[in-house]
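Inside the fold
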Amino acid sequence: MSEEDIRRRILDAAEECFLEIGLSARIHRLIAERAAVSRPTVYKHVGDQQAILDALLHREVGRFLDIARPLFERPGPIREQLAEIVAFSVTYARRHPLLRKMLLEQPEVVLPRFTVDAGPLMRLAVDATAPALRQAFTRAGATEVRIDVVIEWGVRLILSLITTPSLTADLDDPVELRRYIDALMRIGLIPLS
């Protein structure tokens, strides 16, 4: 079995364990049993609890980006494309079983990765989406736009909509969420003088 196969088995087992029982002091033993490997193998291939959570987050972001890639490549008005990407991202995350469980039961574990420690997540988003968004902005004739800033803005908006409730919209309803995002994006068009 390859190193990659072992790591995948460990992460699959970790996801199942976290979904069933959340984080616990016995998590490495449970992951090892479920993955049919030793505890030292879990540590060797993934690491401690923090490293396991980071590896799962990285894997899930990668999976999400694979699913969302067509949205980044779809032709059309750039404002509409950005709104669709944000809406899709928020809906996907709010429905993700492991993320929902962790946010409800152990927010102190997840929230730092979405707030004060969000740098790696933002870097991953910029690296993964910048080429496709750069092409979209070029097609729209907006070649002066800093793509990294646009992506960071999008990630900040998405993380906020995932982790905080709205007083004015049901963010779990995709239609209402899209209307809410459209309204947010029109704020920049309001003349302020």
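The structure reproduced in this document is the subject of the present report.

Reading guide: rules and limits
Residues numbered from 1 in each chain as written. Predicted model: local features only at pLDDT ≥ 70, side-chain atom pairs only at ≥ 80, totals over all residues. Heavy atoms only, no water. 1 Å grid on protein atoms, 1.4 Å probe; cavity = no way out; pocket = protein on both sides within 12 Å on 5 of 7 lines; lining within 4 Å. Points joined across faces, edges and corners; volume = space filled by probe spheres on them. Helix = DSSP H or I, 4+ residues; strand = E, 2+ residues; numbered from the N terminus. Nonpolar A, V, L, I, M, F, W, Y, C, P; charged D, E, K, R; others polar. Phe/Tyr/Trp six-rings, centres within 6.5 Å; stacked < 30°, edge-to-face > 60°. Salt bridge = Lys/Arg side-chain N within 4 Å of Asp/Glu carboxyl O. Buried < 20%, exposed > 50% of the residue type's maximum accessible area, 1.4 Å probe, protein only. Core = buried A, V, L, I, M, F, W, Y, C linked by side-chain atoms within 4.5 Å.

All right, on to the layout of surface pockets then. The space that makes up the largest pocket amounts to roughly 240 Å³. The wall of the largest pocket is formed by 13 residues, among which Arg94, Leu103, Leu104, Ile162 and Asp172 lie closest to the centre. The set of elements that each furnish at least two residues to the lining of the largest pocket consists of helix H5 (78-95), helix H6 (97-105) and helix H9 (147-163). Ranked by the residues each element gives to the lining of the largest pocket, the list is headed by H6, at three residues. Class assignment of the residues belonging to the lining of the largest pocket gives a composition of seven nonpolar, three polar and three charged.

A few words now on the packing of aromatic side chains. Per the counting criterion, the structure on display carries three aromatic pairs. Where Phe64 meets Phe88, the ring centres are 5.8 Å apart and the plane angle is 25 degrees; that geometry is what we call stacked. Here Phe64, found in helix H4 (residues 49-73), pairs with Phe88, found in helix H5; they are 24 residues apart in sequence, far enough to count as distant. Three or more aromatic residues joined by ring pairs make a cluster, and in this case those are Phe64, Phe88 and Tyr92.

Turning our eyes to something else, we now look at the pattern of salt bridges. Side chains bearing opposite charge may pair, as long as their charged atoms lie close to each other. Tallied over the full model, the rule gives 19 salt bridges. Between Glu16 and Arg34 there is a salt bridge, with its nearest N and O atoms 3.3 Å apart. In this pair, Glu16 sits in helix H1 (residues 3-21) while Arg34 sits in helix H2 (residues 27-35), placing the two residues 18 residues apart along the sequence. Judged by relative accessible area, Glu16 falls into the partly exposed class, the value being 38%. You can call Arg34 partly exposed: its relative accessible area is 36%.

Moving on to the nonpolar core. If you look at the biggest cluster of nonpolar residues, it comprises 63 residues, and the most contacted ones within it are Phe18, Ile31, Ile52, Ile151, Leu161 and Ile181. No other element matches H4, which puts ten residues into this core.

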